[in-house]
Amino acid sequence: MTDGHTDERDALASHSRRDVLRTASIGALTAGFAGCLDGASNSTGTTSSGAGATARWAGTQNPDTTCWDFGEDPSEAPEDCGLVYPVFELKRRLDAREDAPDMALIDSKELCSEQSCMSKLDSKVIQLGSSSVANSAKIWPENEIWSIPYTFPVHERASIGYSFVHPTTWEDYWVPFAKKYNVVPIGFDPPGYRAHLIGTGSDPGTPVTSPADFENRKIRTTQSEVISTAFDELGMNPVTISFSDTLQGMKSGVVDGLEIITPYAVAGQITSITAQVTLTQWAPGLDPIWCRVDFLKDLSETKRAAFAEVTANLAEQSIQRTDRMYERFQGLSPDAPVEGSNFHTQGPDDGPVQVNWLSEADLKAWRDPVNPADNRDLYDDAIGRVHDEFTDGFFDQLHDIARESGVPNQSKNFTLNAWWDDYLDQI
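Residues numbered from 1 in each chain as written. Predicted model: local features only at pLDDT ≥ 70, side-chain atom pairs only at ≥ 80, totals over all residues. Heavy atoms only, no water.

Engineer: Please give an account of the overall build of the protein chain that cites residues and values.
Structural biologist: The secondary structure content of the protein chain amounts to 18 helices and 14 strands. A separation threshold of at least 6 residues defines the contact pool for the protein chain, and within that pool the share at least 24 residues apart is 76%. Roughly 16000 Å² of accessible area belongs to the protein chain as shown, and the carbon and sulfur atoms make up 44% of that amount. (Helix = DSSP H or I, 4+ residues; strand = E, 2+ residues; numbered from the N terminus. Contact = heavy atoms within 4.5 Å. Areas by Shrake-Rupley, 256 points an atom, 1.4 Å probe, with all protein chains shown as cover.)

Here you go:
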């Protein structure tokens, strides 16, 4: 199914937001992550001061294991960095500008877990929060649609980010989403695919490449209902425990492995007890920074424009970095693990994790039982919820957008053509 928006990106390509953003000065970038909260709170829970509004952010990302810049050579990356995520860079860039709102980073251990931060956002304790689309579905069930396996084509990471911020997606999904929940995505990590990991205590000693190899294994997963449904269909045993308990759970045998966005396995030191990672390419690994709409609307026009400019730049760069981050920095490519990469140096005993790059026949065994094109009934609730609440036919639009001719063949060629500030007046 196609719609009238399909060719819109081609029409916009010659005048992308990136061209506009390049004309504005970012200013000299300065370091420092510390934030302060002064002044009285207004109706949105935002703290105001003489310098303007301050946005409180919380999430599970740790500055000690998170970075933004990484070199072409994996050995050039900052020491201990396992996760490439923009939130600390966002604060750095906002701090460098006099016209931008302030941002305060709240240690999530003091506030919430990966499964509860979004409730803090709903209750105005924070204005910005990070949670994967899969975990966020516990609070915002329409987001289940993003985790339906094989909605996005395999080996095309750029299609994930491209579809997530496509003009049609903004108009038909994020605008009605924001109207219902008062939240929009204003950033995200480089989008990739979730993968399946097997712990050292459950390693069969031979490559685990098929659903049959995972049958009856206890695999930790997220709160997502559609992922659990797909697990059941493939014969796996889904187990829901907190991410913080997963490391100990794999050591003790409570779980045999997990399904995860792979950078978080590195940052959480789970790769240290991982024997194998199987690249099933089955669902998007995407962890947005969510922002309250009332916070954005309460900003002065100048601060809102600066915030839009900085977040748009980071979003475009996140998608552009996707292929390089996964293939070189993570080392998840056909010749994996790449020497010096995360999965080469941060496995058991600081050695490599066995990376299973699947053939087309292997992928077919994973895809055929759960592919929504042929098994739509598995996801009737998730699809119907969005079609009833937001836009009828959106899932079919999303499926087509991910396969349209405008998807760049490499993520580095992506340009951002639509962003939250283009649609704020519609919310």
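Engineer: Account for the state of the cysteines, naming residues and giving values.
Structural biologist: One covalent bond between the sulfur atoms of two cysteine residues makes up a disulfide. Applying the stated rule across the entire model yields 1 disulfide. Each disulfide pairs two cysteine sulfurs, and for Cys67 the partner residue is Cys81, the sulfurs being separated by 2.1 Å. Note on the Cys67 and Cys81 pair: the S-S dihedral is about -75°, so by sign convention the disulfide is left-handed. In this pair, Cys67 sits in strand β2 (residues 66–67) while Cys81 sits in the loop between β2 and β3 (83–84), placing the two residues 14 residues apart along the sequence. Take Cys67 and Cys81: they sit in the same class, and that class is buried. (Disulfide = S-S within 2.5 Å. Buried < 20%, exposed > 50% of the residue type's maximum accessible area, 1.4 Å probe, protein only.)

Engineer: Quick rundown of the side chain of Glu142? Include the residues and the values.
Structural biologist: Among the structural elements, Glu142 can be located in the loop between α5 (133–136) and α6 (158–164). What Glu142 contacts, discounting residues up to four positions off in sequence, is Tyr173, Lys180, Tyr181, Arg385, Val386, Glu389 and Phe390.

Engineer: Please provide a residue-by-residue account of the pattern of salt bridges, values included.
Structural biologist: The final tally for this structure, using the stated rule, is 15 salt bridges. In this structure, Asp99 and Arg97 form a salt bridge, with 2.9 Å as the shortest nitrogen-oxygen distance. In this structure Asp99 comes out as partly exposed when scored by relative accessible area, which is 27%. Residue class for Arg97 comes out buried when judged on its relative accessible area of 11%. A salt bridge links Arg97 to Glu309, with the shortest nitrogen-to-oxygen separation between them at 2.8 Å. One end of the pair, Arg97, is in the loop between α3 (87–95) and β4 (102–107); the other, Glu309, is in helix α13 (residues 301–320), with 212 residues separating them in the sequence. One exposure class covers both Arg97 and Glu309, and it is buried. (Salt bridge = Lys/Arg side-chain N within 4 Å of Asp/Glu carboxyl O.)

Engineer: Residues and numbers for α13, please.
Structural biologist: Helix length check: α13, at 20 residues, gives a terminal C-alpha distance of 28 Å against a target of 28 Å (1.5 Å per residue), a fit within 8%. Counted residue by residue, α13 has 15 buried out of 20 residues, so it is predominantly covered. (Expected span 1.5 Å × (residues − 1).)

Engineer: Which residues make up the confidence of the model for the protein chain, and what are the values?
Structural biologist: Across the protein chain, the average pLDDT comes to 87, with 85% of residues at 70 or higher. Of the regions scoring below 50 in pLDDT, residues 18–52 engages in 68 contacts with residues more than four places distant in sequence or in other chains. (pLDDT = per-residue confidence, 0-100.)

Engineer: Lay out the sheet that holds strand β13 (residues 288–292) in plain terms, naming residues and giving numbers.
Structural biologist: Strand order in the open sheet formed by 5 strands is β4-β1-β5-β13-β6, and the pairing between neighbours is mixed. Looking along the sheet, the strands with just one partner apiece sit at the ends: β4 and β6 (183–188). Across this sheet, the average inter-strand angle for adjacent strands is 25°, counted without regard to direction. The pairing of β6 with β13 spans 5 bridges and is classified as antiparallel. Across the sheet, the residue bridging to Phe188 is Pro288, located in β13. Contacts between helix α7 (residues 167–181) and the sheet are confined to β6 and β13, with β6 contributing the most and set at about 120° to the helix. Along the sheet face, α13 touches β5 (128–130), β6 and β13 and points at about 55° away from the line of β6. (Pairing = 2+ DSSP bridges. Axes fitted to C-alpha atoms, helices over the stretch in contact; angles between N-to-C directions.)

Engineer: Give me the packing of aromatic side chains: which residues, what numbers.
Structural biologist: Under the defined criterion, the tally for this structure stands at 27 aromatic pairs. On the numbers, 6.2 Å between centres and 85° between planes, the contact of Phe295 with Phe307 is edge-to-face. Taken as a pair, Phe295 in helix α12 (residues 293–298) and Phe307 in helix α13 lie far apart in primary sequence, 12 residues in all. Here Phe295 falls in the buried class, since its relative accessible area comes to 1%. Judged by its relative accessible area of 1%, Phe307 falls in the buried class. (Phe/Tyr/Trp six-rings, centres within 6.5 Å; stacked < 30°, edge-to-face > 60°.)

Engineer: Could you give me a rundown of the packing of helix α17 (residues 380–389) against helix α18 (residues 394–401), with the residues and numbers involved?
Structural biologist: Contact geometry of α17 with α18 gives a least axis separation of 8 Å together with a crossing angle of 110°. Relative to α18, the element α17 lies roughly perpendicular. Contacts between α17 and α18 involve Ile383, Val386 and His387 from the former and Phe394, Phe395 and Asp396 from the latter. Looking at side-chain class alone, the contact of α17 with α18 contains 4 nonpolar, 1 polar and 1 charged residues. (Parallel < 35°, antiparallel > 145°, perpendicular 65-115°, else oblique. Nonpolar A, V, L, I, M, F, W, Y, C, P; charged D, E, K, R; others polar.)

Engineer: Residues and numbers for α18, please.
Structural biologist: In terms of burial, α18 is largely enclosed, as 7 of its 8 residues are buried. Looking at α18, one finds that the buried residues are Phe394, Phe395, Gln397, Leu398, His399, Asp400 and Ile401.

Engineer: Could you give an account of the nonpolar core, naming the residues involved and the relevant values?
Structural biologist: Of all hydrophobic cores here, the largest spans 123 residues; its most connected members are Ile186, Leu296, Phe307 and Trp420. In terms of residues, this core owes the most to one element, α13, which gives 8 residues. In contact with Leu296, other than residues within four places in its own chain, are Val184, Ile186, Cys291, Arg304, Phe307, Trp420 and Leu424. (Core = buried A, V, L, I, M, F, W, Y, C linked by side-chain atoms within 4.5 Å.)

Engineer: Run through unusual backbone geometry, naming residues and quoting values.
Structural biologist: Omega for the peptide link from Ala336 to Pro337 comes to -5°, which places this bond in the cis form. One non-glycine residue, Asn216, lies in the positive phi region at around 65°. Among the secondary structure elements, Asn216 is positioned in the loop between α8 (211–214) and β8 (218–220). For Asn216, a relative accessible area of 59% gives the class exposed. If you check the backbone angles, Gln269 has positive phi at about 65° while not being a glycine. Mapped onto the secondary structure, Gln269 falls in the loop between α11 (262–267) and β11 (274–279).

Engineer: Requested: an account of the pairing of strand β10 (residues 257–261), with residues and values cited.
Structural biologist: A large share of β10 lies buried, amounting to 5 of its 5 residues. In this structure, strand β7 (residues 192–199) lies alongside β10, joined through 5 bridges in antiparallel fashion. By the bridge assignment, Ala195 is partnered in β10 with Ile260. In this sheet, β10 lies alongside β8 in parallel orientation, the contact comprising 2 bridges. Across the sheet, the residue bridging to Ile219 is Gly257, located in β10.

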